Amino acid sequence: MASELTTEAVLAAAAETPDTLLTTSSQARVLMVGAGGIGCELLKNLVLTGFGQVHVVDLDTIDLSNLNRQFLFRHEHIKKSKALVAKEAAQKFNPAAKIVAHHANIKDAQFNIEWFSSFSIVFNALDNLEARRHVNKMCIAADVPLIESGTTGFNGQVQVIKKGVTACYDCSPKDTPKSFPVCTIRSTPSQPIHCIVWGKSYLLNEIFGASEDESAFDNSVDGDNAQEIEELKRESEALRKIRNSVGTEEFPEMLFEKVFKTDVERLRSMEDMWKTRKPPEPLSYKDLFEKAKSQSLDQEKVLKDAQKVWSLEENLVVFNDSLERLSKRVLESKTAGEDAIITFDKDDEDTLDFVAASANIRSAVFGIDRKSKFDIKQMAGNIIPAIATTNAIVAGLCVLEAFKVLKGQYDRAKEVFLTPFANARMLASDKSRQPNPDCPVCGVYQTRAYVDLDKATLNDLVEHLIKTNLGYGEKDFAISNEVGILYDPDETDNLEKKLSELGIKPDSFLTITDEDDEEPFVNVVIAIQEAKEPLGDKPVKGILDPEDVKIPLKPKKQSQPEPVATPAPTNGNSTSNGQNGGVIDLDGDEPTTTPAKPSLKRGHPEDAEGPSVKKIKANDKAADDDIVFIEDSAGAIVIDDD
């Protein structure tokens, strides 16, 4: 078995013997986060190019909709762990490779800074902004090179990130994401848009479009997979019966009971999925129908009021009526010998009513706010599908950039943009950008502290670490975490509280902001590490001795000339195609360009644009990271390749 090397040893070996790159890669310890569209291609590439040890982390399970492009998966793998199945499939490409699969969330406590530090290189093959930012932050804290990648339709991007050498993921602000993993849409929606996309791209297609469930099952399975295949056959048969009942009196109830009761009860039975979120509540068609009947609702009046947020009973009325209209169209097409497939059009009242009612009923099931028909029409933009070819190209680029990283050739590393419909080349590359000195993640001084979380108070941190060990002395400063401010000269209520009471856990990050107007330090980020041995009389200890702490001062700002007014881009969109330093934001549907001038007001440590921050009291609940409010919903909705 090849011996494991640290990051420094791998880079040193590659620099000394550039002709033995494949040997170096075989000894490297690699982390790949995400085993979806990019991840499947990337894992195959890694083992075929000789990477000897690869750890794969992914929380998701395989969905039927993944099979058209995530080629490591088959029908018999549906509902199984992506990480575990990807490991088994990729192992066949190179039996000598050591692949370790983790069916878990990369944000779990087990994946701490020390664990990240054990890798030579990290690959991000993720589908959401929050996880990307987390991995970026952990790699910066652990000083491990990261190769970030993403795709949106035919567009793609690859970026090399190295602390202090290149810009990191958070060096430029990111737009509110408009992309949603398929598993979120199908199983764990948390926003109205998730339910709208489900109604439009899944349910409407299942019943009136070209259903994915019509694919033939592979019956050549072993005994271990027999039960899974039988379950899939039962689900397929249930959908087939519902499609065959179009136009019958039982049709609305059959469909309602399947998607809003039976499927929901199946989801509820997956207890692990609901440990940190509220489980959905199944609905009964007969009960809801009786309630709607007792209210004597005026169907025409309900349908005309597109600005109103319909009640659950009103949504059932619209659901039934739209099904009747759509069924009539299907039967007329069949009678005429025409294709009986109906697709969504926001100007088609029949499909819009069906999607609006279905989305709102699903929202009620999952405890999500309902939307008016008018709002749903605005939000149901174009669906940009995941493209297998784009994933393959981006995965290949990731490996090419990884070879440069292993050789320590960061001066040759590129940001590569796949933009097939731009006027420039399909693959446009730029030199890696320099770190942004104002970046809240990499433009700071990083350090660690060992803490006895059972004893240490915030005051211990202030007196024994920040003032003494880090050398702040009598300076005024503020302490904040991802939720808000814990301490500043005017907010001292938390000083006597234990760090555990303030929600500080192992691998929490605290940001120290120097409020000295004359010679302020750059922001300092402290990674909290739980002490593994007694710390003596002080429950807090810095990783460095005071004389080794060298915190740089903030560079003095140069006076800026008055900006020249320029026309605002249409709909807030940039025209950058990824060249000249532009960065394609693959969590949304538009490129991002140079960040705006930061506000002088102190803001959230995770926010480069500096909004106001609330102050934290013990036992305050953190904001729900899963919920994203989309103000601009005119753009495309992207189904990311999870």
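Here's what I pulled together on the structure shown here. (Residues numbered from 1 in each chain as written. Predicted model: local features only at pLDDT ≥ 70, side-chain atom pairs only at ≥ 80, totals over all residues. Heavy atoms only, no water.)

### Remarks on the overall build of the chain
Right, on to step 1. Helix and strand content of the chain: 17 helices and 19 strands.
Right, on to step 2. Put simply, the chain has 642 residues, and 52% of those count as buried.
Right, on to step 3. Expressed as a percentage of contacts within the chain between residues at least 6 apart in sequence, the contacts between residues at least 24 apart total 72%.
Right, on to step 4. For the chain, the accessible area works out to roughly 30500 Å², and carbon and sulfur atoms hold 49% of it. (Helix = DSSP H or I, 4+ residues; strand = E, 2+ residues; numbered from the N terminus. Buried < 20%, exposed > 50% of the residue type's maximum accessible area, 1.4 Å probe, protein only. Contact = heavy atoms within 4.5 Å. Areas by Shrake-Rupley, 256 points an atom, 1.4 Å probe, with all protein chains shown as cover.)

### Examining helix α17 (residues 458-469)
Right, on to step 1. Residues of α17 that are buried: Leu458, Asp460, Leu461, Val462, Leu465, Ile466 and Asn469.
Right, on to step 2. Residues of α17 that are buried make contact with β11 (445-451), β12 (477-480), β13 (485-487), β14 (509-514), β15 (524-530) and β16 (540-542).
Right, on to step 3. Gly471, located one to two residues past α17, shows a positive phi value of around 85°.

### Considerations on the environment of Glu496
Right, on to step 1. For Glu496, the location among the structural elements is in the loop between β13 and β14.
Right, on to step 2. The class for Glu496 is exposed, based on a relative accessible area of 62%.
Right, on to step 3. Along the primary structure Glu496 and Leu458 are separated by 38 residues, whereas in three dimensions their C-alpha atoms are 6.3 Å apart.
Right, on to step 4. What Glu496 contacts, discounting residues up to four positions off in sequence, is Thr457 and Asn459.

### Regarding the pattern of salt bridges
Right, on to step 1. Using the criterion set out here, one finds 25 salt bridges in the structure.
Right, on to step 2. Its salt-bridge partner being Lys286, residue Glu253 comes within 2.6 Å of it at the nearest N-O pair. Of this pair, Glu253 sits in helix α10 (residues 251-268) while Lys286 sits in helix α11 (residues 285-294); the two residues are 33 residues apart in sequence, bridging distant segments of the chain.
Right, on to step 3. Here Lys475 makes a salt bridge to Asp516, at a shortest N to O gap of 3.2 Å. Within this pair, whereas Lys475 is found in the loop between α17 and β12, its partner Asp516 is found in the loop between β14 and β15, the two being separated by 41 residues in sequence.
Right, on to step 4. By relative accessible area, which is 18% here, Lys475 ends up buried.
Right, on to step 5. What you see here is one network of salt bridges that share partners, running through Asp321, Arg325, Arg329, Asp348, Glu349, Asp350, Asp353 and Lys373. (Salt bridge = Lys/Arg side-chain N within 4 Å of Asp/Glu carboxyl O.)

### Section: the state of the cysteines
Right, on to step 1. Overall, the coordinates contain zero disulfides when judged by the stated rule.
Right, on to step 2. With no disulfide of its own, Cys439 has Cys168 as its nearest cysteine by sulfur position, at a separation of 3.5 Å.
Right, on to step 3. A residue is classified by how much of its surface remains accessible, and Cys439, at 2% relative accessible area, is buried. (Disulfide = S-S within 2.5 Å.)

### Points about the sheet that holds β14
Strand pairs in the sheet, formed through backbone hydrogen bonds, run parallel or antiparallel to each other.
Right, on to step 1. An order of β13-β12-β14-β15-β11-β16 is seen for the six strands of this open sheet, with the pairing classed as mixed. Strands with a single pairing partner mark the edges of an open sheet, and in this sheet they are β13 and β16. Taking the axes of each pair of neighbouring strands and ignoring which way they run, one obtains an average angle of 35° across the sheet.
Right, on to step 2. Note that β12 and β14 share four bridges and pair antiparallel. Bridge pairing in β14 links Ala478 to Thr513. (Pairing = 2+ DSSP bridges. Axes fitted to C-alpha atoms, helices over the stretch in contact; angles between N-to-C directions.)

### Quick word on the pairing of β14
Right, on to step 1. Burial within β14 is extensive, with six of its six residues counted as buried.
Right, on to step 2. Residues of β14 alternate between two faces, with Phe509, Thr511 and Thr513 on one and Leu510, Ile512 and Asp514 on the opposite face, all of them buried.
Right, on to step 3. The sheet contact formed by β14 and β15 spans four bridges and is antiparallel. Bridge pairing in β15 places Phe509 opposite Ala527.

### Observations regarding the environment of Asn360
Right, on to step 1. With respect to the element layout, Asn360 can be found in helix α14 (residues 349-365).
Right, on to step 2. Residue classification places Asn360 among the buried positions, given a relative accessible area of 2%.
Right, on to step 3. In contact with Asn360, not counting residues within four places along its chain, are Trp310, Asn315, Arg370, Lys371 and Ile376.

### With respect to helix α13 (residues 312-335)
Right, on to step 1. For α13, built from 24 residues, the straight-helix expectation of 34 Å at 1.5 Å per residue is met to within 8% by its first-to-last C-alpha distance of 35 Å.
Right, on to step 2. Two residues or fewer past α13, Gly337 is found with a positive phi of approximately 75°. (Expected span 1.5 Å × (residues − 1).)

### Regarding the nonpolar core
Right, on to step 1. Membership of the largest hydrophobic core comes to 52 residues, with the highest contact counts inside it found for Phe208, Leu255, Phe256 and Phe319.
Right, on to step 2. Of all elements in the fold, only α8 (192-208), α10, α11, α12 (299-304), α13, α14 and α15 (373-379) reach the threshold of two or more residues within this core.
Right, on to step 3. Take this core: its biggest share by element is 10 residues, from α8.
Right, on to step 4. Those residues in contact with Phe319 that sit more than four places away from it in its chain are Pro252, Leu255, Phe256, Phe260, Phe354, Ala357, Ser358 and Ile361. (Core = buried A, V, L, I, M, F, W, Y, C linked by side-chain atoms within 4.5 Å.)

### A short note on the packing of aromatic side chains
Right, on to step 1. Inspection of every chain in the model, using the stated rule, returns 18 aromatic pairs.
Right, on to step 2. Both rings, one in Trp198 and one in Tyr202, keep their centres 6.1 Å apart while their planes meet at 40°; by these two values the pair is tilted. A residue pair is termed a helical-turn pair when its members lie 3 or 4 positions apart in one helix, as Trp198 and Tyr202 do in helix α8 at four residues. Grouping residues by exposure puts Trp198 and Tyr202 together as buried.
Right, on to step 3. Ring centres 5.8 Å apart and planes at 20° place the aromatic pair Tyr285 and Phe289 in the stacked group. Of this pair, Tyr285 and Phe289 both sit in helix α11, four residues apart, roughly one helical turn. (Phe/Tyr/Trp six-rings, centres within 6.5 Å; stacked < 30°, edge-to-face > 60°.)

### Section: the sheet that holds strand β10 (residues 427-431)
Right, on to step 1. Taken together, the eight strands give an open sheet; going across it, the order is β3-β2-β1-β4-β5-β6-β9-β10, and neighbouring strands pair in mixed fashion. At either end of the open sheet lies a strand with only one pairing partner, and these are β3 (98-102) and β10. The mean inter-strand angle of the sheet, taken between neighbouring strand axes irrespective of direction, is 15°.
Right, on to step 2. Of the pairings in the sheet, the one linking strand β4 (residues 121-124) to strand β5 (residues 146-152) comprises three bridges and is parallel in character. Its bridge partner being in β5, Val122 is matched across the sheet by Leu146.
Right, on to step 3. Helix α4 (residues 82-91) contacts β2 (53-57) and β3 of the sheet and is inclined by roughly 165° relative to β3.

Treat this as a map of the structure, not an account of what it does.
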